[in-house]
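Residue-level structural notes
For reference, the chains in residue letters:
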Amino acid sequence: MRRRDPCAGCWLGRADEPCARGRGTLEPHVRTARLGGLHQGQGRRGRPGVPALPGRARCTGRPDHPGGRDPGGGVAHRHGRRHLGAPALGRCRPHERPHGGRHQGQSLDVQAHEDRHARRGACGTPAGEAQGGRGMMGASEKIGLDPVYAGPVDETRTAIADILAGKKTGKDVVVRGWIHRTRSKGKLAFLVVRDATGTIQCTLKQGVVPDDQFTAAAAALMESSIALTGEVKEDPRAPGGFEIGAKEVQVVHAAEVFPIKEHQSTELLMDLRHLWVRSQEQRRIQRIKHHMLRAVRDWFHANGFTEVTPSVITTNAAEGGSDVFKFDYFGQEAYLSQTAQMYLEALIFAHEKVYSLTPSFRAEKSRTLRHLTEFNHLEAEMAWMGSEDNMKVQESLITYTAHTVARTCHEELTVLGRDPEDLLAIKAPFERLPYNDAVTFLNDNGFPDFKWGEDFGAPHERKLVEGRTQPVFITNFPKKIKAFYMKEDPDDARVVLCNDCLAPEGYGEIVGASEREVDIDEIVRKLKEEGATLANYEWYLDLRRYGSVRHSGFGLGLERLLLWFTKQEHVRDMTPFPRTTNRAYP
RNA sequence: GCCGGUGUAGCUCAGUAGGUAGAGCACUCGGCUGUUAACCGAGCGGUCGCAGGUUCGAGCCCUGCCGCCGGCGCCA
């Protein structure tokens, strides 16, 4: 209950100075001062959402891939087409859009997507999209929806972000939101109101606002919902530089005493998670996650992947004996899925390149900053691809996602303590460090006793990424410490063709990947070695009976990626309702 | 699972050598027409995690249990 660590629960802490107890970056309204100029996605560099990413302007080859073209990349297969290898990735031809049906040989069109989003100022400031305002209508037109679906038909209110951007100065507006804070000075009251786009101070003067409304509003407690009309004024005394001089105020719902105040313990915030999600910190993280998800889907779509939806109820206990959540499924034993991998392997025979985003469940009683019992697992599987191609996919995906998030969520990242430049600097290719070399490195750098064949522990992992600013692939681990489905390295029978991806700055493993064993006899042999019940794997073995092909895939922990991107401390804050070993409520 | 830390008011914490419980915030009432986590005055507020033990006397010392936090292992 007591926290020695920083005050993560500072609801009202200040922005500019650390909370007396620690980091205190979660203040709400003080932020508005900073938001003022940035809220429209203008970023620091002035132009809306188009940061000066080196190599961004040109559109010739992948700027982050030296040479733009990798002769060995792209997997030439039988029909002479190339999958997702470097050449395809390297191209950036905005006009060559992926379109229905075909998925092969498509160029990486994410640049265009990205720029389009950036231009819209979509970013963390959903002035348009979240508010159902004009921004959304713009998007709707593209998608082909009737603009009416962008918001209520009688929508007249204004997004606070628009006010803070100076678009409404001198005009009468209607604002709806929640009371973030009240400061009453007798006949003058200040209400700080929050909507999804930002917070703004509203001044209520007795005599201007009808008496009964004034009384009700001044008495309304934090988080009461409220609607008010008034004139927007630019005023240096107001946080954020703008305020609304209220003319009419309606308390939509007078809240009870809000249980979250300033300086809260982790435990309380977890108990009150359903209310804590309203905090500026949580809002920012969820916004970044939203853009991350969008980026990821854009990338996969642009590269010819089909998104599929495997079940999370399974009878495969799989995944190297780690603990599973078991339950009774109408009389038979079933499990919550730990990975969709095997199902994706089945689906590549229909789609060749597939990905899925499903929850995965791990019943290990892990007590760390990086573990959830339920996490969002982004998994991909590619037919015809080997381990090197697999890594190319991973690094391209991660790089693109990092860049997109950096450019669309500039304000959120900055407030959370992540310099967007850190993410813009992420560059493929990532270093490939074979396990053998990693062992040598460790032996020479403080771990003389580390033996070949052991798995890396946290201290080893930290040493391996020490000083790095880029992710690194550790490849070709010993067979013994990896799963049965991984393919043996033809050049070294002791290791398998696999890779982990370690994030920089000690954020740890974000991806686990491998080329899969395709030889049925080999798989059967390994399963027997592990003492597995073969009957449980019959359907999986079938995949090696009917047109087996070389294939590879990976799994990425979405919350871990987000943790790295946002530079936060704990994965549990990367998801609105985290499930940890001792919490399934709320 | 192992190791360490911690549990006092609604919340965040203090509690000095063992001597009978404090502050700030929140809330209520009063004051204030430019506040910025507003401020000023008053009020409300505790079975000191639970159960034993030592002692004339325990929030404080001892034992056990429980909760929470962190580290390790395991992984994404």
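Residues numbered from 1 in each chain as written. Chains lettered and ligands numbered in written order. Predicted model: local features only at pLDDT ≥ 70, side-chain atom pairs only at ≥ 80, totals over all residues. Heavy atoms only, no water.

**Observations regarding the packing of aromatic side chains**
Applied cut-off: Put simply, two rings from Phe, Tyr or Trp (the six-membered ring, in Trp's case) pair if the centres are within 6.5 Å, and we call them stacked under 30 degrees between planes, edge-to-face over 60, tilted for the rest. Helical segments are the DSSP runs of H or I of at least four residues, strand segments are the runs of E of at least two, and each set is numbered from the N terminus. Buried residues are those whose accessible area, probed at 1.4 Å on protein chains only, stays under 20% of the maximum for their type, while exposed residues exceed 50% and partly exposed ones sit between those limits. In this scheme, the term charge over a ring applies when either NZ of a lysine or CZ of an arginine sits within 6 Å of the ring centre and within 35 degrees of the ring normal.
Scanning the model with the defined rule gives 18 aromatic pairs in all. Geometrically, the ring pair formed by Phe-300 and Tyr-355 is stacked, given 4.1 Å between the ring centres and 10 degrees between the ring planes. Of this pair, Phe-300 sits in helix H9 (residues 280–302) while Tyr-355 sits in strand S12 (residues 353–361); the two residues are 55 residues apart in sequence, bridging distant segments of the chain. As far as burial versus exposure is concerned, Phe-300 and Tyr-355 are alike and both buried. For the cation-ring pair, Arg-544 lies above Tyr-540, with the distance from its terminal atom to the ring centre recorded as 4.4 Å.

**Quick notes on helix H15 (residues 458–465)**
Rules: Contacts between residues were defined by any pair of non-hydrogen atoms, one from each residue, lying within 4.5 Å.
Those residues of H15 lying buried are His-460, Glu-461, Lys-463, Leu-464 and Val-465. Each element contacted by the buried residues of H15 is listed here: strand S14 (431–434), helix H14 (435–444), strand S15 (472–475), strand S18 (498–503) and strand S19 (508–515). Gly-467 lies just past H15 and shows a positive phi near 80 degrees.

**Quick notes on the sheet that holds S15**
Heads up, the rule is: Think of it this way: DSSP has to see at least two bridges between two strands before they count as a pair. Here an axis means a line fitted to C-alpha atoms, over the contact stretch when the element is a helix, while the angle between two N-to-C directions is reported on a 0 to 180 degree scale.
Spatial strand order, S8-S12-S13-S20-S19-S18-S15-S14: eight strands in an open sheet with mixed pairing. Where the open sheet ends on each side, the last strands, each with one partner, are strand S8 (306–307) and S14. Against the sheet, helix H10 (residues 341–351) contacts S8, S12, strand S13 (374–383) and strand S20 (551–557), and its axis sits at roughly 35 degrees relative to S13. Across the sheet, H15 is in contact with S14, S15, S18 and S19; its angle to S18 comes to roughly 75 degrees.

**Here's the deal with the sheet that holds strand S7 (residues 242–253)**
With respect to topology, five strands assemble into a closed barrel ordered S3-S4-S5-S7-S6, the strand pairing being mixed. In this sheet, neighbouring strand axes are inclined to one another by 50 degrees on average, regardless of whether the strands run parallel or antiparallel. The pairing of strand S4 (residues 188–195) with strand S5 (residues 198–205) spans eight bridges and is antiparallel. Following the sheet pairing, Asp-195 is matched in S5 by Gly-198. With respect to the sheet, helix H6 (residues 211–219) is in contact with strand S3 (172–185), S4, S5 and S7, its orientation differing from that of S7 by roughly 90 degrees.

**Points about a nonpolar patch on the surface**
Let me state the cut-off plainly: Nonpolar side chains (Val, Leu, Ile, Met, Phe, Trp, Tyr) within 5 Å and like charges within 9 Å form the patches, drawn only from residues with over 30% relative accessible area and no salt bridge. To measure how exposed things are, a 1.4 Å probe is used in the Shrake-Rupley method; for residues, cover is taken only from the protein chains shown. Salt bridge, as used here: a side-chain nitrogen of Lys or Arg that lies within 4 Å of a carboxyl oxygen of Asp or Glu.
Residues Ile-313, Tyr-329 and Phe-330 make up a contiguous nonpolar surface patch of roughly 340 Å² in combined accessible area. Structurally, Tyr-329 is set in strand S10 (residues 326–329).

**Details of the confidence of the model for chain A**
Going by this rule: For every residue, the predictor assigns a confidence score, pLDDT, that lies between 0 and 100.
When pLDDT is averaged along chain A, the result is 78; 73% of the residues meet or exceed 70. Overall, residues 1–141 carries pLDDT values under 50, and its contacts beyond four positions in sequence, including any with other chains, amount to 315 contacts. What the predictor reports for the complex is a pTM of 0.79 with an ipTM of 0.90.

**Here we look at the side chain of Thr-475**
Mapped onto the elements of the fold, Thr-475 is located in strand S15. Beyond its immediate chain neighbours, meaning those up to four positions away, Thr-475 contacts Met-391, Arg-432, Leu-433, Pro-434, Tyr-435, Cys-498 and Asn-499.

**Some points on the pairing of S4**
Of all eight residues in S4, seven are buried, a share of seventy percent or more. As judged from the seven bridges shared by S3 and S4, these two strands associate in the antiparallel manner. Its bridge partner being in S4, Arg-181 is matched across the sheet by Val-192. Count of turn residues in the S3/S4 antiparallel hairpin: two residues, of which Gly-186 carries a positive phi of about 75 degrees. What sits between the antiparallel neighbours S4 and S5 is a turn of two residues.

**Brief notes about H14**
Note the threshold: The reported arc concerns the directions from the helix axis to the C-beta atoms and nothing else.
Of the positions making up H14, those classed as buried are Tyr-435, Ala-438, Val-439 and Leu-442. All buried residues of H14 lie within an arc of 100 degrees about the axis, which places them on one face of the element. Among the structural elements, S14, H15 and S15 are those in contact with the buried residues of H14. One or two steps after H14, the chain reaches Gly-446, where phi turns positive at roughly 95 degrees.

**Points about the pattern of salt bridges**
It is possible for side chains bearing opposite charge to pair when their charged atoms get close. Inspection of every chain in the model, using the stated rule, returns 29 salt bridges. Two residues, Glu-223 and Arg-278, come together in a salt bridge whose shortest N-O distance is 2.8 Å. Taken together, the positions of Glu-223 in the loop between H6 and strand S6 (225–234) and Arg-278 in the loop between helix H8 (273–276) and H9 put the pair 55 residues apart, joining distant regions of the chain. Taking relative accessible area as the criterion, Arg-278 reaches 29% and is therefore assigned partly exposed. The partner of Glu-466 in a salt bridge is Lys-463, and the shortest N-O contact between them spans 3.3 Å. One network of salt bridges, in which partners are shared, links Glu-388, Lys-392, Glu-395 and Arg-432.

**Things to note about the nonpolar core**
Note the threshold: Residue types Ala, Val, Leu, Ile, Met, Phe, Trp, Tyr and Cys, when buried and joined through side-chain atoms within 4.5 Å, form a set referred to as a nonpolar core.
Counting 47 residues, the largest nonpolar core has Phe-300, Ile-398, Phe-554 and Trp-564 as its most contacted members. Counting residues per element, this core draws most heavily on helix H11 (residues 387–408), which supplies eight residues. The residues contacting Phe-300, other than those within four sequence positions of it, are Phe-305, Tyr-355, Leu-378, Ala-380, Leu-397 and Phe-554. Membership of the second largest hydrophobic core comes to 28 residues, among which are Val-465, Tyr-485, Met-486 and Leu-543.

**Details of unusual backbone geometry**
The peptide bond linking Ala-428 to Pro-429 adopts the cis configuration, its omega dihedral lying at 0 degrees. With respect to the secondary-structure elements, Pro-429 resides in the loop between helix H13 (420–424) and S14. Backbone torsion omega between Tyr-585 and Pro-586 reads 0 degrees, so that peptide bond is classified as cis. Topologically, Pro-586 is positioned in the segment after helix H18 (558–566). Of note in the backbone geometry, Trp-384 takes a positive phi value of approximately 70 degrees without being a glycine. Residue position: Trp-384 is located in the loop between S13 and H11.

**Quick word on the packing of H11 against H18**
The criterion, for reference: Oblique is the label for any angle not under 35 degrees, not over 145, and not in the 65 to 115 range, which are roughly parallel, roughly antiparallel and roughly perpendicular in turn. In a left-handed crossing the near helix is turned counterclockwise from the far helix by less than a right angle, and in a right-handed crossing that turn is clockwise.
Following both chains from N to C, one finds H11 and H18 inclined at 50 degrees, their axes separated by 11 Å at the closest point. As the angle between them shows, H11 and H18 are arranged oblique. Both H11 and H18 take part in a crossing whose hand is right-handed. Residue-level inspection shows Ile-398, Thr-401, Ala-402 and Val-405 of H11 in contact with H18, the latter providing Leu-561, Trp-564 and Phe-565.

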